[in-house]
Amino acid sequence: MAVLNKKSKVSDEIPSSSMADIAFLLLIFFLVTTVFPKDKGLAIVLPEPNEDEVDINPKNLMFFLIQPGGVIQVKRGESEQIQTITPDRVEGVWRGDFADNENLIAVVQTHPEAAYRYMIDVLDGLQSAGADKISLQLQEGG
Amino acid sequence: MAIKGGGFSRKSSASDKIPDSSLADIAFLLLIFFMVTTVFRTDKEQDIIWPQAEATEKIDEKRDDILNIWLTQGGEVFINDQPLTMNQVRPIVAPLYSASDRRLVVSIRSDRDVPYRLVDEMQEQLKAAGVVRVVFATELEQRMTRARR
């Protein structure tokens, strides 16, 4: 009987002193593995080098002319009428016209000296509106 | 009767050893720290002001399949830290594109105030190299900042 009562000297508790270390370890692991990727932007698909030119009915074209100072002019198809808009209206203008004509193609013609960001503003507006047929061009005679 | 040991022999119950049971943890911690912070650098970030766009999307491509081309405000072109002229873009990108099995996505990281003719020249170079998938790298713009502009 006396033999059975003898307690073992080995502790029956799980050692928890290194719990903090484990926690820090996990913390640091996640801190350093969380990367904020900078790989983001506006994706476009360029035409293939040898792609044939296709004749498009001018009625299905909508021109966005970007002038050096950032002025955006909208010209519809063959119409000579030019409408000047601000960058934040590109999305609404496109949505309005696209609702009437689903074959509409956006032609972004940027002046050679216009800042890149103005083109991005227009492209942003068009992509926000869900436009997928976009042509990027350089304004001729600039 | 003299006190045993002159009163100096009583031992303190506190251990005089530095606890070393967590040494392994510290070692692993350092090991993991260095393992995860060691990054094989691809290219240095050039000094540009990013254009902003609301429609900014993440590029769902493997890191290896993305090629960054930098275009600084001064009109300098950089690929993998190498300063280049515009005409050198096509001969450099074309072999990279075919080596990637046509999976390569080119990210144009241009300063927002660069004249558009340079960006257009870049597109022409990429087109000539056969690249079709291009991303204009932008920062995500919040609606609030746009309203203020």
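Further up the page is the structure itself.
Residue indices follow the written sequence of each chain, beginning from 1 at its first position. Following the order in which they are written, the chains are lettered starting with A and the ligands numbered starting with 1. Restriction of local features to residues with pLDDT of at least 70 applies here, the model being predicted, together with a cutoff of 80 or more for giving and counting side-chain atom pairs; totals for whole chains, interfaces and linings are based on all residues.

## Some details on the overall build of chain B
Item 1. What chain B contains, in helices and strands, is 4 helices and 8 strands.
Item 2. Put simply, chain B has 149 residues, and 24% of those count as buried.
Item 3. Sequence separation of at least 24 residues holds for 80% of the intrachain contacts in chain B that already meet a minimum separation of 6. Runs of H or I in DSSP of at least four residues are treated as helices and runs of E of at least two as strands, each being numbered from the N terminus. Every C-beta atom is placed from the backbone, and the number of other C-beta atoms within 10 Å of a residue's own sets its class: buried at 20 or more, exposed at 12 or fewer, partly exposed in between. C-beta atoms are placed from the backbone for every residue, and two residues are taken to be in contact when these atoms lie within 7 Å.

## Some words on the pairing of strand β6 (residues 134-138) of chain A
Residues and elements named next belong to chain A.
Item 1. The pairing of strand β5 (residues 105-110) with β6 spans 5 bridges and is classified as parallel. Paired with glutamine 109 across the strands is glutamine 137, a residue of β6.
Item 2. Whether a crossover is right-handed comes down to one check: with the strands pointing away from the viewer, does the path from the first strand over the helix to the second run clockwise; if it does, it is right-handed. Considered for its hand, the β-α-β crossover made up of β5, helix α3 (residues 116-128) and β6 is right-handed. Should DSSP find at least two bridges between two strands, the strands are regarded as paired.

## Notes on the nonpolar core
Item 1. Counting residues in hydrophobic clusters, the biggest one holds 48 residues, and the most contacted among them are A:Phe64, A:Ile66, A:Met119, A:Val122, B:Ile69, B:Val106 and B:Ile108.
Item 2. Broken down by element, this core gets its largest block of residues, 7 residues, from α3(A).
Item 3. Residues in contact with B:Val106, not counting those within four places in the same chain, are B:Leu67, B:Ile69, B:Val93, B:Leu126, B:Val131 and B:Val134. Joining buried Ala, Val, Leu, Ile, Met, Phe, Trp, Tyr and Cys residues through C-beta atoms within 7 Å gives a set, and that set is a nonpolar core.

## Looking at unusual backbone geometry
Residue and element names in this part refer to chain B.
Item 1. Despite not being glycine, asparagine 80 has its phi angle at roughly 50 degrees, a positive value.
Item 2. Locating asparagine 80 in the fold gives a position in the loop between β4 (77-79) and β5 (82-84).
Item 3. Of note, the phi angle at aspartate 101 is positive, near 65 degrees, even though the residue is not glycine.
Item 4. With respect to the helices and strands, the residue aspartate 101 is situated in the loop between α2 (89-99) and β6 (105-110).

## Here we look at the interface of chain B and chain A
Item 1. Residue-level contacts link 41 residues of chain B with 36 residues of chain A.
Item 2. Of all the secondary-structure elements, those providing two or more residues to the side of chain B that touches chain A are α1 (23-37), β2 (57-58), β6, α3 (116-128) and β7 (133-137) of chain B.
Item 3. The element contributing the most residues to the side of chain B that touches chain A is α3(B), with 8 residues.
Item 4. Taken together, the residues of the side of chain B that touches chain A sort by class into 22 nonpolar, 8 polar and 11 charged.
Item 5. Taken together, the 2 bridges between strand β1 (residues 40-45) of chain A and β2(B) define a ladder with antiparallel strand orientation. Residue A:Lys40 lies in a different strand from β2(B), and its bridge partner there is B:Lys58. Only Asp, Glu, Lys and Arg are considered charged in this grouping, and only Ala, Val, Leu, Ile, Met, Phe, Trp, Tyr, Cys and Pro are considered nonpolar; every other residue, Gly among them, is considered polar.

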